Structure formats: structure tokens, C-alpha cells
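Tertiary structure, described
Spelled out, the chains give:
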Amino acid sequence: MARRKSVNDIMNQANSIMSRSRGNSSRIDKVRNTSFRYYDNIRKSQGKWNYNDDSSYNKKYPRSTYMGLNNG
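Residues numbered from 1 in each chain as written. Predicted model: local features only at pLDDT ≥ 70, side-chain atom pairs only at ≥ 80, totals over all residues. Heavy atoms only, no water.

1. Structural notes on the overall build of the protein
Helix and strand counts for the protein come out as 4 helices and 0 strands. Seen in sequence order, the protein has helices and strands lined up from the N terminus as α-α-α-α. With the C-alpha coordinates of the protein rotated into their principal frame, the extents come out at 35 × 25 × 25 Å. The burial tally for the protein puts 29% of its 72 residues in the buried class. Taking the contacts inside the protein whose residues are at least 6 apart along the sequence as the reference set, 59% of them involve residues at least 24 apart. (Helix = DSSP H or I, 4+ residues; strand = E, 2+ residues; numbered from the N terminus. Buried < 20%, exposed > 50% of the residue type's maximum accessible area, 1.4 Å probe, protein only. Contact = heavy atoms within 4.5 Å.)

2. Quick word on the packing of aromatic side chains
One pass over the full model with this rule turns up 5 aromatic pairs. Here F36 and Y39 contribute two aromatic rings whose centre-to-centre distance is 6.4 Å and whose plane-to-plane angle is 65°, an arrangement assigned as edge-to-face. With F36 and Y39 both in helix α2 (residues 25-46) and 3 residues apart, this pair spans about one turn of that helix. F36 gets classed as partly exposed once you look at its relative accessible area, which sits at 42%. One aromatic cluster in this structure is built from F36, Y39, W49 and Y57. Lying across the ring of Y39, R43 places its NZ or CZ 5.0 Å from the centre. (Phe/Tyr/Trp six-rings, centres within 6.5 Å; stacked < 30°, edge-to-face > 60°. Lys NZ or Arg CZ within 6 Å of the ring centre and 35° of its normal.)

3. Some remarks on the pattern of salt bridges
Tallied over the entire structure, the rule returns 3 salt bridges. For D9, the salt bridge identified is with K60, shortest N-O distance 2.6 Å. Of this pair, D9 sits in helix α1 (residues 7-19) while K60 is found in the loop between α3 (54-58) and α4 (63-66), placing the two residues 51 residues apart along the sequence. Measuring nitrogen to oxygen at the nearest pair gives 3.3 Å for the salt bridge that ties R32 to D29. Here the residue R32 and the residue D29 both occupy positions in helix α2, the gap between them amounting to 3 residues, near one helical turn. Among the residues examined, R32 registers a relative accessible area of 35% and is labelled partly exposed. In this structure D29 comes out as partly exposed when scored by relative accessible area, which is 39%. (Salt bridge = Lys/Arg side-chain N within 4 Å of Asp/Glu carboxyl O.)

4. Quick look at the environment of N8
Tracing the sequence through the fold places N8 in helix α1. Separated by 52 residues in the primary sequence, N8 and K60 have C-alpha atoms spaced 9.2 Å apart. Setting aside residues no more than four positions away along its own chain, N8 makes contact with Y57 and N58.

Have a look at this one:
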């Protein structure tokens, strides 16, 4: 089964990769764009997104959701 990730998991992983990229701007841009695309895909799949609710950011989503494979 594919690993489920929350928005926080995705952003933490992106920050970790970017901090280890030591100024490689093309890699940093790629990681940043990917992480925000995943975040947007999760938001789209939820309809109404509560920006002030921590549980929205901690809820785990399947890979198909954050990769945008089932957003029609």
C-alpha cells in the first residue's frame, strides 16, 4: 500500500530536501513547485479548506490524492 502523507509531511520533506540542496536553485525550484502542486491537489480534493484548522494539515491522504490522479 502506498504511504499516506499529510500537507505537513509533504512540506517538511520539501524543506528538508531544499535545505540539503546547497544553493542548487533549479533543484530547489523543482521541489518547491512539486510540493505546492501536491498541496493544491489535496486542497482541490477537499472542496472547502479550513486554513485555520491544524487537522486539515495533519490529515493523511493517499498518494493518488496528492499526486492529483483522482481529481477529475
